[in-house]
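A structural walkthrough
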Amino acid sequence: MISSTATTHHRTPIEIQVDVLVAGAGPCGLMLANELGLRGVPCLVVDPKATTAFNPQANATQARTMEHFRRIGMSSQIRALGLPAEHPTDIAYFTRFAKHELARLRLPTAEQATRQISKMSGSWSAAELPHRVSQKFVEAALRTNAERFATNQIRFGWRLKEFVQTPECVHAVIESADGSSSIPVQAKYLVGADGARSRVRAQLGIEYGGATGFQRQFMGGKMFAIYLRAPDFYKFFPHDIAWMYVSVNHERRVFMASVDGRGEFAFHAAVHPDETPESWTHEDALRIFREASGMDIPIEVLSTGIWIAGHSLVAGKYQEDRVFIAGDAAHLFTPTGGLGYNTAVGDAVNLGWKLASVIKGLSHPSLMDSYEMERRPIGIRNTGYAKHFADSVGLFAATEDLELAGPTGDNLRRLAGEVLNAHARREFNIPGVTFGERYDASPLVFSDPMDIPLDSANEYLPSSNPGGRLPHFWLSESCSLYDKLNFEWTVLCTEQSSRHAAQLAAEGRAAGLSVEVLVIPAQLWSAPDDGRMLVVRPDQMVAWRGTAAAHPREIWARVAGARPASSPG
Ligand SMILES: Cc1cc2nc3c(=O)[nH]c(=O)nc-3n(C[C@H](O)[C@H](O)[C@H](O)COP(=O)(O)OP(=O)(O)OC[C@H]3O[C@@H](n4cnc5c(N)ncnc54)[C@H](O)[C@@H]3O)c2cc1C
């Protein structure tokens, strides 16, 4: 539990003492609160907003993020949010929504995704498929879930004001959003999940590196966002219903995602360099919607905003001693590929088990240094993929002739369709991006440098080489291999190696770790691994593989930072 009104050796009275202070209750901070809550680690999350996001923001939850939600028991709850279960999730491209359809990628509905996943193989052998749901719904669910844990305190209406760190702890001050009151907080660790304008990153003096300011006809430059309600859209829309509608014409490039499948949409229009959306009115919002849709239907504007597309930025460092940055605070994406929030969740997962293990005294504090070593290269990788997708769609030039009536226009639209169909498969069928994150350079994993699979956006090559996601398979139609993993550590083996696995697990338990052995029927275990055991981390990444562990204590010391049993606190 969070304790109150303690006093430190500093004379400031500490009103809240907590293990982890998290600045920011976006998806990153809230996911971290869930990871810590599940492990009973006292955590305080503060965010100056009144509650979770009103605007839809991210639209896509990638399959790997859904697997993490499944791991923490939330995937069914999340899959029920957003679009109705039978609503199509296609991505479709039009000159204007009411005019010519140019290209379409058909994807399963939420209901089909739940049924089909256990029959999928190869790149898509997974516990979950992606889910098209607005971030606002995910955030609300993550908040409700995080608040179930007695060790969590989620305070909306409060921000992190400042902090200093000592070798033993972090002293911070949180203040109410109106600035009228403040509370001193002492924490063992501070995580800045406080978004692109991160105060934590600024106070640490860490800069974003990478590239920004890319200009493209689409997805490079200012974007005007309208969160709108237009129930009549479905009445007048002449094509098959989709989830993501993209307009490709010389006048206004737009993407629009369905938020609830009933008439709410997140509409994002590219702004021309000579336009000033800062002064746009409600009438301008209607004009922009008409331009892109070719439809004159009533719309209710729920909110508007301006954001910049064209970032590919990663912070130079993710850690300064007891303080970490994660999510948008650590990296900033152009939203092509839908990777910003998903990478933020991945950061939280990585931090969660490590912080808990160190705080409980099971792992050496130096385990925390591996967070930056593992996640910063992923930030660079994923922002790179997002930029590649932005170039792929944004540099395609839509000319006036694309809307010509007759054979010339038809021919141009056919050619555009070929380009956009290829692009849609490149940007929206990305098992390699979502499952292929690897930590080969991490000191925690025993990666074999001769066996690292190719990193490719559209293809995922399952590999048990330590450093990557545990290859997935179904044990039965409804039971994923992942459902049987221990919440913390698992030694995976077949009957043939179960005796060695039991010894290895016993050594981990002797170091205080939660380790279970999972024996898999040999016929289900993929051929190249015959007889080999795998040590699987709490985040389902493989840390070690081998036939017999000659030095099990050293394995646990490396993969978990485990302290020898006799080591003092
Ligand atoms: C139009 C658009 C579409 C997108 N689509 C996708 C998509 O499909 N898929 C995807 O993965 N990503 C997408 N993204 C990106 C995604 O929205 C972000 O990457 C995601 O919100 C990052 O989560 P976060 O928790 O790191 O930061 P945020 O969501 O920004 O949360 C940070 C929180 O910190 C709070 N905060 C700020 N200062 C303080 C302080 N001093 N103390 C305490 N709290 C503070 C803020 O109030 C905020 O709530 C999209 C973004 C945009 C703009």
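Residues numbered from 1 in each chain as written. Predicted model: local features only at pLDDT ≥ 70, side-chain atom pairs only at ≥ 80, totals over all residues. Heavy atoms only, no water.

Okay, the sheet that holds strand β18 (residues 312-315) next. An order of β12-β18-β21 is seen for the three strands of this open sheet, with the pairing classed as antiparallel. The open sheet terminates on both sides in strands that have one partner only, identified here as β12 (208-211) and β21 (331-332). When β18 meets β21, the two strands line up antiparallel, connected through two bridges. Residue V314 lies in a different strand from β21, and its bridge partner there is H331. (Pairing = 2+ DSSP bridges. Helix = DSSP H or I, 4+ residues; strand = E, 2+ residues; numbered from the N terminus.)

So, on to the site of the ligand. Taken together, the neighbourhood of the ligand is formed by 30 residues, with D47, K49, Q135, D328 and Y341 sitting nearest. Between C28 and the ligand, the recorded distance is 3.0 Å, taken from a backbone N or O atom to an oxygen atom. Notes on the ligand: free accessible area 1000 Å², of which the protein chains cover 86%. The biggest single contributor to the shell around the ligand is helix α9 (residues 340-359), with four residues. Taken together, the residues of the shell around the ligand sort by class into 14 nonpolar, eleven polar and five charged. (Near = heavy atom within 4 Å. Polar contact = N/O pair within 3.5 Å; in protein donor to acceptor, adjacent residues only side chain to side chain. Areas by Shrake-Rupley, 256 points an atom, 1.4 Å probe, with all protein chains shown as cover. Nonpolar A, V, L, I, M, F, W, Y, C, P; charged D, E, K, R; others polar.)

The nonpolar side chains of a soluble globular protein tend to be buried, and buried together. The biggest cluster of nonpolar side chains holds 93 residues, and the ones touching the most others in it are L21, F69, L355, W489 and W556. Sort the elements by how many residues they give to this core and α9 lands first, with eleven residues. Listed in part, the 27 residues of the second largest apolar core include M219, A390, V393 and A416. (Core = buried A, V, L, I, M, F, W, Y, C linked by side-chain atoms within 4.5 Å. Buried < 20%, exposed > 50% of the residue type's maximum accessible area, 1.4 Å probe, protein only.)

The strand order β23-β22-β24-β25 describes an open sheet built from four strands, whose pairing is mixed. Of all strands in the sheet, those with a lone pairing partner are β23 (515-519) and β25 (542-546), marking the two edges. Mean inter-strand twist for the sheet, computed between neighbouring axes without regard to direction, equals 20 degrees. Sheet topology note: the strand β22 (residues 489-493)/β23 ladder contains five bridges and is parallel. What sits directly across from W489, in β23, is V515. (Axes fitted to C-alpha atoms, helices over the stretch in contact; angles between N-to-C directions.)

Under the 1.5 Å per step criterion, the end-to-end length of α9 is 28 Å for 20 residues, consistent within 8% with the ideal 28 Å. Of all 20 residues making up α9, 20 are buried, and the element is well covered by its neighbours. (Expected span 1.5 Å × (residues − 1).)

Under the criterion given, the structure shown has 42 salt bridges. R64 is the salt-bridge partner of E67, the closest N and O atoms lying 2.6 Å from each other. Taken together, the residues span about one helical turn, with E67 and R64 both in helix α2 (residues 63-71) at a distance of three residues. Assigned by exposure class, E67 and R64 land together as buried. Note that R159 is salt-bridged to E175, the shortest N-O span being 3.2 Å. In this pair, R159 is assigned in strand β9 (residues 158-165) and E175 in strand β10 (residues 170-176), connecting sequence segments 16 residues apart. (Salt bridge = Lys/Arg side-chain N within 4 Å of Asp/Glu carboxyl O.)

Here we come to the packing of aromatic side chains. Under the defined criterion, the tally for this structure stands at 25 aromatic pairs. Measuring from ring centre to ring centre gives 5.5 Å for F267 and F289, while their planes differ by 50 degrees; the resulting arrangement is tilted. With F267 in strand β16 (residues 264-270) and F289 in helix α8 (residues 282-293), the pair connects residues that are 22 residues apart, well separated along the chain. With relative accessibility at 1%, the residue F289 sits in the buried group. Following the ring pairs from residue to residue traces out a cluster consisting of F94, F97, F233, Y234, F237, Y245 and F265. We note R155 situated over the ring of W158; from NZ or CZ to the ring centre the distance is 5.3 Å. Cation over ring: K387 sits above F214, and NZ or CZ is 4.7 Å from the ring centre. (Phe/Tyr/Trp six-rings, centres within 6.5 Å; stacked < 30°, edge-to-face > 60°. Lys NZ or Arg CZ within 6 Å of the ring centre and 35° of its normal.)

For Q57, which is not glycine, the phi torsion reads 55 degrees and is therefore positive. One non-glycine residue, Q540, lies in positive phi territory at about 70 degrees. Checked against the element boundaries, Q540 lands in the loop between β24 (533-536) and β25. For Q540, a relative accessible area of 3% corresponds to the buried category.

The buried count for strand β6 (residues 101-105) comes to four of five residues, which makes it a mostly enclosed element. Relative to β6, strand β5 (residues 91-94) is paired through four bridges, and the arrangement is antiparallel. Bridging from a neighbouring strand, I91 pairs with L105 of β6. Once β5 ends, the chain turns through six residues before running back antiparallel as β6.

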